[in-house]
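If you want the building blocks of each chain, they are given just below.
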Amino acid sequence: MRFASGLLRHPMALLAALGILLMLPSFLFGPGASHSYLYNYMWTGHFGEQMAAGHLYERWLPRSFEGLGSPTFYFYPPLAYWLSGGLTAMGLSVLQAINVAALLLLIASGMTMHRWLASRGTHPLLGAALYMLAPYHLHDFYVRGALAEFAAFVWLPLIALGIARLPSRGGIALLALSYGALILTHLPVATLTGLFLIAPLMLHRIWQDRSTLVPGLIAGILAFALAAFYLLPAATLQTHMSTALLWTGKYHAANWSIWREDFILFPCIALGLGLLAWPARSIWSGVAIVTALASINLIPFLWQIDLLDKTQFPWRALGIVEFATVTALMTYRPRPVLLAGAGLLLLFPYLVSGIITCANLRLPIDYARLDRIVPDAPEYLPAGFDIARVDRYDRSTDLRPWRALPRGDRIVVTHPGPVTMGHAAFPIWRVTRDGITIPSHGPLISFDARPGIYRIERVRLWQESVGMAISLAAALMLALLLWRRRISHLSKFPAYSPSPAMVNRPILGWLARSQNTGGEL
């Protein structure tokens, strides 16, 4: 009885209970018709099928676009769908897996926030709960259905903790792993995090202690190297997909402003959070306020920078604003007037998100139709595809003209002439006849044939091999770094001292001016 009572008072148990409470509507009625529900459904199902068959990372989706296939995960990060797909492979239905994955991610975000605030000694349980309850955090799942972006909330506290622990080896490892994981979770959020969170925190740490510069650079290089198995193909193969559909209309970050009627929700979140962060007068106030202004496009010309414009939506930075605001808020006692003003601003987003969520959860979804046509994001259609077939409103693709084309990876040709397969073209596919490669072209695999048996065979790209080699090398370097840290720790004990010279030594110690293992942020 005493054990059970103690367990219920444990912070992790309380955060888990809060997560279950917040996810209860989705478990009872959902996940619901959120903005990205069909992608969550299709991609979770794909990963579940492939992982159950023993394929951990299958980038090609053979059933997408009514069987034409799609290279979706050559470009989209896999980490969130490893989780939801893994749950499906373990026996959960796709919808159950999405709900459980979201619950685990929500609880994990609270736990990492608790760890971050505990390291600062600033009300970790309260701050972790507020982070889980933050308006954009919940809006991201219930309204937008952005499962991968929702997962990104887990990594922000660990990134900050890693920076705070520099120049120690543990700080390097934590920063590399957490930012690498963020890249593998959601690339646009990783880009925004690099600019609005990592850059100011690193500048602040370098100002405190110049010895953190090189370890910070090493952590950044390791993070990108760890994610190279995904990044290298994603960066070099974009000419083979319909990239024009990624950055059109509302998918241009520069096209969003506070004057758009469908944008009013986010200024209330940004202003309410900025109001809460301001009195702290710290680096966290600066991060929160600058990022809040950027998230509603109030910093001139910022989103016209090509790299930032490609993040599609400026308000994706609101997750960083919520993290910085909660961190700042836990350092001071806000006045009642301030809480009232911020509460009024934030009440509107909660009400609007709640109303939209209720409507989404009540809206019927024809999952049988989704299983039949297997839609996917139109930007993953092959290069050269007729994008006039893509609906501008719901982004569905009219594939009726190609339904009669032969599917599969083998065809018997009885008459000479051109052949078009019902199979999207991509560099991993080649056409062969009697083991000899036959020239082919896209957007659907087409070739000139004479009578015989033709096969579509898969080849491994150099980007996949080189990217995996880089990631494995980075993982080895990181393991070596942590192993040396463990040796340094053990050598402090008289009974185990294999290398006394390594005791408490920061990496690249000749650059270090102190033996500090961390700093205040």
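This write-up is about the structure you can find in this document. In this text, all values refer to a predicted model and were calculated from it rather than measured experimentally.

Rules and cut-offs
Residues numbered from 1 in each chain as written. Predicted model: local features only at pLDDT ≥ 70, side-chain atom pairs only at ≥ 80, totals over all residues. Heavy atoms only, no water. Helix = DSSP H or I, 4+ residues; strand = E, 2+ residues; numbered from the N terminus. Rg over C-alpha atoms; globule rule 2.2 N^0.38 Å. Buried < 20%, exposed > 50% of the residue type's maximum accessible area, 1.4 Å probe, protein only. Contact = heavy atoms within 4.5 Å. Areas by Shrake-Rupley, 256 points an atom, 1.4 Å probe, with all protein chains shown as cover. Lys, Arg positive; Asp, Glu negative; His and termini not counted. Charge placed at Lys NZ, Arg CZ, Asp CG, Glu CD. Axes fitted to C-alpha atoms, helices over the stretch in contact; angles between N-to-C directions. Parallel < 35°, antiparallel > 145°, perpendicular 65-115°, else oblique. Nonpolar A, V, L, I, M, F, W, Y, C, P; charged D, E, K, R; others polar. Expected span 1.5 Å × (residues − 1). Bend = angle between axes of the 7 residues up to and from the residue. 1 Å grid on protein atoms, 1.4 Å probe; cavity = no way out; pocket = protein on both sides within 12 Å on 5 of 7 lines; lining within 4 Å. Points joined across faces, edges and corners; volume = space filled by probe spheres on them.

## With respect to the overall build of the protein
- Within the protein, the regular secondary structure consists of 21 helices and six strands.
- On C-alpha atoms alone, the protein measures out to a radius of gyration of 25 Å, which is about the 24 Å that the 2.2 N^0.38 rule sets for 521 residues.
- The buried share among the 521 residues of the protein stands at 52%.
- For the protein, the proportion of contacts with a sequence separation of at least 24, taken over those separated by at least 6, is 74%.
- Carbon and sulfur atoms provide 66% of the accessible area of the protein, an area that totals close to 24,000 Å².
- For the protein, the distance from the average site of its 40 positive side-chain charges to the average site of its 25 negative ones is 13 Å.

## Looking at the packing of helix α11 (residues 169-183) against helix α12 (residues 187-208)
- Where α11 meets α12, the axes come as close as 7 Å, and the angle between the chain directions of the two elements is 140°. The orientation of α11 with respect to α12, classified from their angle, is oblique. Residues Tyr-179, Leu-182 and Ile-183 of α11 lie in contact with α12, whose contacting residues are Leu-187, Val-189, Ala-190, Thr-191, Thr-193, Gly-194 and Ile-198.
- Residues that form the contact of α11 with α12 fall into these classes: seven nonpolar, three polar and no charged.

## Description of α12
- Helix length check: α12, at 22 residues, gives a terminal C-alpha distance of 30 Å against a target of 32 Å (1.5 Å per residue), a fit within 8%.
- Maximum bend of α12: about 40°, positioned at Thr-193.
- Listed in full, the buried residues belonging to α12 are Pro-188, Val-189, Ala-190, Leu-192, Thr-193, Phe-196, Leu-197, Ile-198, Leu-201, Met-202 and Arg-205.

## Topic: unusual backbone geometry
- With an omega of 10°, the peptide bond between Leu-166 and Pro-167 qualifies as cis.
- Assignment of secondary structure puts Pro-167 in the loop between α10 (155-164) and α11.
- With an omega dihedral of 5°, the bond running from Gly-442 to Pro-443 counts as a cis peptide bond.
- With respect to the helices, strands and loops of the structure, Pro-443 is situated in the loop between β4 (436-438) and β5 (444-449).
- Unusually for a residue other than glycine, Phe-65 sits at a positive phi of about 55°.
- Mapped onto the elements, Phe-65 comes out in helix α4 (residues 64-67).
- Residue Asn-297 is not a glycine yet carries a positive backbone phi of 60°.
- Following the sequence through the fold, Asn-297 ends up in the loop between α16 (283-295) and α17 (306-309).

## Here we look at helix α2 (residues 11-29)
- For α2, which comprises 19 residues, the first-to-last C-alpha distance of 28 Å matches the rise-based estimate of 27 Å (1.5 Å per residue) to within 8%.
- Along α2, the largest kink reaches about 50° and is centred on Met-23; proline Pro-25 follows within four residues of it.
- Those residues of α2 lying buried are Leu-15, Leu-18, Gly-19, Leu-22, Met-23 and Ser-26.
- Along its buried surface, α2 packs onto α6 (94-120), α7 (124-133) and α8 (135-142).

## Quick look at empty space enclosed by the protein
- Under the definition given, this model contains two cavities of 30 Å³ or more.
- Roughly 60 Å³ of internal volume is contained in the largest cavity.
- Tyr-136, Asp-140, Glu-149, Ala-152, Phe-153, Leu-156, Val-189, Arg-316, Gly-319 and Ile-320 are the residues that line the largest cavity.
- Only α8, α9 (147-152) and α18 (318-329) provide two or more residues apiece to the lining of the largest cavity.
- Of the residues that constitute the lining of the largest cavity, the class distribution is six nonpolar, one polar and three charged.
- Roughly 50 Å³ of volume is contained in the second largest cavity.
- Residue lining of the second largest cavity: Pro-31, Gly-32, Tyr-37, Asn-40, Tyr-41, Leu-95, Ile-98 and Tyr-367, and that is the complete set.
- If you list the elements that add at least two residues to the lining of the second largest cavity, you get α3 (37-52) and α6.
- In terms of residue count, the dominant contributor to the lining of the second largest cavity is α3 (three residues).

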